[in-house]
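Given next are the chains, with one letter for each unit.
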Amino acid sequence: MRLDRRQFMAGAAALAVWPKTGGAEAAPRIIEARAGMARVVPGDYPETEIWGYDGGVPGPLIRARQGETVSRKLVNALPQPTAIHWHGLRVPNGMDGVPGLTQEAVQPGGAFLYELPLKDAGTYWYHSHNQSTEQVARGLYGAIIVDEAEPPEVDHDISVLLDDWRLTGQAQISEDFGAMHDWTHAGRMGNFVHARLLPSPSEVLRNQRLRLRLVNVATDRIMAVSLNGLEGRLVARDGMPVEQPQPFDMLVFGPAERADLIVDVTAGPGEAAQILLQQRDGAYVLAELPVTGQGASVPRGAIQALPPNPVPAIGDLSQARAVALRMEGGAMGGLRQGTYMGRLLSARELVDEGQIWTFNGVAGLPEEPLASLSHGEVLRIPMRNETVFPHAMHLHGTHFREVLPDGGLGPLRDTILVNPDETREIAFVADNPGDWLLHCHMLSHQAAGMKTWIRVT
Ligand code: C2O
Ligand code: CU
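Numbers given for residues are sequential positions, taken from 1 along each chain in its written order. In the order they appear in the text, chains get letters beginning with A and ligands get numbers beginning with 1. Predicted model: local features are reported for residues with pLDDT of at least 70 only, side-chain atom pairs are reported and counted for 80 or more only, and whole-chain, interface and lining totals are derived from all residues. To get the side-chain values, take all heavy atoms of the structure and skip hydrogens and water.

What follows is about the overall build of the protein chain. Strands are runs of DSSP state E lasting at least two residues, helices are runs of H or I lasting at least four, and both sets are numbered from the N terminus onward. Across its full length, the protein chain carries five helices and 34 strands. Throughout, the radius of gyration refers to the C-alpha atoms, and the reference size of a globule is 2.2 Å times the residue count to the power 0.38. The C-alpha atoms of the protein chain give a radius of gyration of 22 Å, which matches the 23 Å a tight globule of 457 residues would have. Split into buried and exposed, the 457 residues of the protein chain put 55% on the buried side. Note on definitions: a residue-residue contact is assigned when non-hydrogen atoms from the two residues lie within 4.5 Å. For the protein chain, the proportion of contacts with a sequence separation of at least 24, taken over those separated by at least 6, is 75%. With a 1.4 Å probe rolled over the protein chains alone, any residue whose accessible area is under 20% of its type maximum counts as buried; one over 50% counts as exposed, and the rest are partly exposed.

Below, the structure is given as structure tokens:
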């Protein structure tokens, strides 16, 4: 067979575009957790000393196609042990990145190879899952985008990372991680909230169509977000497509929650499309896209649903086992006692251990799982919030659906906000073997007690 120059060039180019991953001789790509400097606050402020993946914040945008396998070798150049959790990706248990449950924390100078088969398309993110109240607050997170075989046609595909920084007057990270007042209340609230656009398009035209992938990467802050000069539909929640694109006005994101929006630019030339944070005292601009001209003369056609991901259907709920989860503790919660590391302690003694919150009377990771499930079993978990704070409950390894009061099922989610005095019930098919964390994604609450786990065999 003759290989002519043109074929050879095409082959070489293809090789350059699609580096071999996971092959025996291809070295895995490295992602290094290390300190760095980043421009967090614009203007005259100094750069901020952060911890970030590859030294930046957010970390590198990881992007691949559904069905591929992403490999990253985490190299730890931090002064603390660390690990990466791939939030929302339904990965094999050993790749889930939870020290103490699925792997040993990676020591300073150490490394760990993550291999992530991408079952689902959608918007996901990755973050440290060790000392995360500190490590995520210092910047150890990034977005991971998994493309559909045929992504919907848009002019710009933009990841929008909603972040909340607690900074000093010199724009440096305030190092009061684990402040007791934060842990007993709503968590570590920052004083600089913004949205980072990846990428930030240089030109946006009226009637262009955007896909916005919003991710709340804040350690503890719930964000209510609305848009201005942009109109469209919500097409996915927590990475998973909704059956029918939904109109929306304001969207509420607990920590770790995501939404994919497909929106058309309705603002005119000279105006700006905006992403707004809705606060009690008014709206703040989180990000702004100046509209530089007129695109098409008419808006595009209807927004179509994204193709569903291969998540097993829940089926008949009436036969399913139910295991209740009761949340207690926190300021004004009236917690009297709780079990911690196998010992029953008074509320006072719990606080001395840095434990403020309990699930079913236990603070911190219990020795026994909340439930042991056999592969394929369906579990329902009614989660009752008996505290005076909202909690963003996140299950690893499997998406769930909310069991609605009328018995119907809500969209697939991996994180759900449970408000005080509410009971929200979730249900899922245990199709991913391993030990999976279930915790509050207010990272301060998690550190101060709110975590349990589920075993699937
Ligand atoms: Cu975003 Cu336990 O994870
Ligand atoms: Cu919480």
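Back to the text.
This part is about the coordination of the copper ion (ligand 2). Each pair of donors in an ideal four-coordinate tetrahedral metal site encloses 109.5 degrees, whereas pairs in an ideal six-coordinate octahedral site enclose 90 or 180 degrees. Each metal's donors comprise the N, O and S atoms found within 2.8 Å of it (within 3.2 Å for Na, K or Ca). Water is not part of the atom list, so some coordination spheres may appear incomplete. Only His-391 (ND1), Cys-440 (SG) and His-445 (ND1) from the protein reach the copper ion (ligand 2) as donors, at distances of 2.0 to 2.1 Å. Coordination of the copper ion (ligand 2) draws on donor residues from a single chain, spaced H-x48-C-x4-H in sequence. In this pair, His-391 sits in strand β28 (residues 391–395) while Cys-440 sits in strand β33 (residues 434–440), placing the two residues 49 residues apart along the sequence.

Most of strand β13 (residues 223–228) is tucked away, with five of its six residues classed as buried. When β13 meets strand β16 (residues 250–253), the two strands line up antiparallel, connected through four bridges. From the neighbouring strand, Val-225 faces β16, where its bridge partner is Leu-251. Here β13 pairs with strand β18 (residues 272–279) via four bridges, running antiparallel. Here, a strand pair is defined by DSSP locating no fewer than two bridges between the strands.

Take the environment of Pro-117 next. As for its position among the elements, Pro-117 is in strand β6 (residues 111–117). For Pro-117, a relative accessible area of 33% corresponds to the partly exposed category. Along the primary structure Pro-117 and Ala-33 are separated by 84 residues, whereas in three dimensions their C-alpha atoms are 22 Å apart.

The next thing to look at is the pattern of salt bridges. For this document, the term salt bridge refers to a Lys or Arg side-chain nitrogen within 4 Å of an Asp or Glu carboxyl oxygen. For the structure on display, the rule yields 33 salt bridges. Residues Arg-138 and Glu-175 are paired through a salt bridge, measuring 3.2 Å at the closest nitrogen-oxygen approach. Remark: Glu-175 occurs in the loop between β9 (156–165) and α3 (180–184) and Arg-138 occurs in the loop between α2 (132–135) and β8 (141–147); sequence separation between them is 37 residues. Arg-138 gets classed as buried once you look at its relative accessible area, which sits at 10%. Residue Glu-425 is joined to Arg-380 by a salt bridge in which the shortest nitrogen-to-oxygen separation is 2.4 Å. Separated by 45 residues along the polypeptide, Glu-425 in strand β32 (residues 423–429) and Arg-380 in strand β27 (residues 378–385) bring together distant segments of the chain. Comparing Glu-425 with Arg-380, the two get one shared label, buried.

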